[in-house]
Structures are given as C-alpha cells and as structure tokens.
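Analysis of the macromolecular model
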Amino acid sequence: LEKIFNGITQSHVRIDPIFKDMTKAEVAAKVLNEGITDISWSCFNVQGQSKMCGKCFACFVRRLSLLAIDHEEPSGTYELDPFALDRSLLTSTLAKDLDILHDSFLFLERSLYDETIITNELLNIPNGFFSDPIGMLKRFSLDMFLGLQNYVSKAKPLGSLGKFATGILRKIPPDYLARREEELRLQEA
C-alpha cells in the first residue's frame, strides 16, 4: 500500500499498521467501548445489505472473536448461524461453506500444538512483518475456541459444525482457555 500511494503521490508516506501484531479479539477488546464493533462490517460475501452472511470466514472470525471477549452481537446481525445448521439439510454450496469452517477448526487445533504448520513462506508474509507469527496464530486459535466456548455456554442448539467443533474444544486443556480469557480481559480499554 505504501508503494502504491508513494508512486501515485510522488511522496514518501509510511503506513504503520498499529494492530498488525494483534488478533481480532485483541483489537475488539481495545475498541469495544468505542462502539466501533456495532458499526463495522466484516462479511466477504454480502456488501451494502442489513445483515452479514454468517457463513464466510470473515464472519466466522468476527463472531468468534467478539464472543471470545464475551460480546454477543444483536440477533439479526447474520443471515445464518453456521454452528446451528445441520449439514445434511443444506444445499451443496452452503455445505461447501461449512466444510471450509470445519477444516478451519482442524487447522486451529493443530496450530495450538504444531509449530511447523506456520512459516512466513507458507503465509506469504514479508519476513519480519509480524514480531511473533507463531505466537499470534496460537493466540488467534485460542480466541476462536474461547469464542466457541462462550457460544456453547449460551445453550444454543448445535448443528453439524457446532457439534464437530465442540468435540475439538473438549480436547483443549481448560487452563489454556482460562489464561487466554484473562489475557483478553487485560486488553480491554
């Protein structure tokens, strides 16, 4: 972005991504009291409408990040709740969307225990961009599972994805999630 802007303007502008070493839950914890989450939009699939889709990866990350800091969005924020859907009743397109989220949980689980799955080359990130990419991925993964734990604690009905993800959640040591919850509380503005 700097290169593009500097090329167009023939000047030198430095863009400093102040949140680059933070997960979405960490950023949300810092800005929650500002009301920004209520006016922000994350959906990849739906633009310019009143509801986000709820099934794309951006909606997945947003929902679980906000739930990780125990912030539940108003009902009607999303068109669908992927954690409550029964895969066998879905169209093939929607089932594929759920498959992506299903595989995301497998990746998130693996990232908690296997540091070999992340390299700067794998993620196509400039070397040195993140100060601790492995640590950030682990925090992000814990955020997603903490968000799921908070979702499940609200006694919502679980569909195929919700049941699958909850099975993985049960394998994560509770002290991992408790420590992460405390870290996020300390982030709050």
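Residues numbered from 1 in each chain as written. Predicted model: local features only at pLDDT ≥ 70, side-chain atom pairs only at ≥ 80, totals over all residues. Heavy atoms only, no water.

**Considering the layout of surface pockets**
In this structure, the second largest pocket spans a volume of roughly 230 Å³. Tallying contributions element by element places helix 4 (residues 57–68) first for the lining of the second largest pocket, with 3 residues. (1 Å grid on protein atoms, 1.4 Å probe; cavity = no way out; pocket = protein on both sides within 12 Å on 5 of 7 lines; lining within 4 Å. Points joined across faces, edges and corners; volume = space filled by probe spheres on them. Helix = DSSP H or I, 4+ residues; strand = E, 2+ residues; numbered from the N terminus.)

**Section: the packing of aromatic side chains**
Using the criterion set out here, one finds 7 aromatic pairs in the structure. When the centroid spacing of 5.2 Å and the interplanar angle of 80 degrees are considered together, the rings of Phe 60 and Phe 105 count as edge-to-face. Taken as a pair, Phe 60 in helix 4 and Phe 105 in helix 5 (residues 92–113) lie far apart in primary sequence, 45 residues in all. A residue is classified by how much of its surface remains accessible, and Phe 60, at 2% relative accessible area, is buried. Since its relative accessible area comes to 0%, Phe 105 is described here as buried. Pairwise contacts between aromatic rings join Phe 57, Phe 60, Phe 83, Phe 105, Phe 145 and Tyr 151 into one cluster. The ring of Tyr 78 has Arg 63 lying over it, and the distance from NZ or CZ to the ring centre is 4.1 Å. (Phe/Tyr/Trp six-rings, centres within 6.5 Å; stacked < 30°, edge-to-face > 60°. Buried < 20%, exposed > 50% of the residue type's maximum accessible area, 1.4 Å probe, protein only. Lys NZ or Arg CZ within 6 Å of the ring centre and 35° of its normal.)

**Things to note about unusual backbone geometry**
Even without being glycine, Gln 10 reaches a positive phi, approximately 55 degrees. If you trace the backbone, Gln 10 turns up in the loop between helix 1 (2–9) and helix 2 (24–31). With a relative accessible area of 67%, Gln 10 lands in the exposed category. For Asp 70, which is not glycine, the phi dihedral falls at a positive 65 degrees.

**So, the pattern of salt bridges**
Scanning the model with the defined rule gives 15 salt bridges in all. Between Asp 97 and Lys 55 there is a salt bridge, and its shortest N-O distance comes to 3.2 Å. Residue Asp 97 is found in helix 5, and its partner Lys 55 is found in the loop between helix 3 (36–39) and helix 4; the two are separated by 42 residues along the sequence. The exposure class assigned to Lys 55 is partly exposed, which follows from its relative accessible area of 22%. Between Glu 182 and Arg 185 there is a salt bridge whose closest N-O contact spans 3.3 Å. Of this pair, Glu 182 and Arg 185 both sit in helix 9 (residues 174–187), 3 residues apart, which is roughly one turn of that helix. Connected via shared salt-bridge partners are Glu 26, Arg 139, Asp 143, Arg 180 and Glu 183. (Salt bridge = Lys/Arg side-chain N within 4 Å of Asp/Glu carboxyl O.)

**Looking at the side chain of Thr 166**
Tracing the backbone through its elements, the reader meets Thr 166 in helix 8 (residues 160–171). Relative accessible area serves as the criterion here: at 7%, Thr 166 is assigned to the buried category. For Thr 166, the side chain forms a polar contact with the main-chain oxygen of Gly 162, separated by 2.6 Å. (Polar contact = N/O pair within 3.5 Å; in protein donor to acceptor, adjacent residues only side chain to side chain.)

**Some words on the nonpolar core**
Grouped together as the largest cluster of nonpolar side chains are 34 residues, with contacts concentrated most on Phe 60, Leu 64, Phe 83, Phe 105, Phe 145 and Leu 148. Going through the elements one at a time, helix 2, helix 4, helix 5, helix 7 (133–153), helix 8 and helix 9 are the ones with two or more residues in this core. With 8 residues, helix 7 is the largest single contributor of residues to this core. Phe 83 has contacts with Phe 60, Arg 63, Leu 64, Phe 105, Leu 148, Tyr 151, Pro 157, Leu 158, Gly 159, Leu 161 and Gly 162, leaving out every residue within four places of it along the chain. Ranked by size, the runner-up nonpolar core spans 8 residues in total, among them Cys 43, Met 52, Cys 53 and Cys 56. (Core = buried A, V, L, I, M, F, W, Y, C linked by side-chain atoms within 4.5 Å. Contact = heavy atoms within 4.5 Å.)

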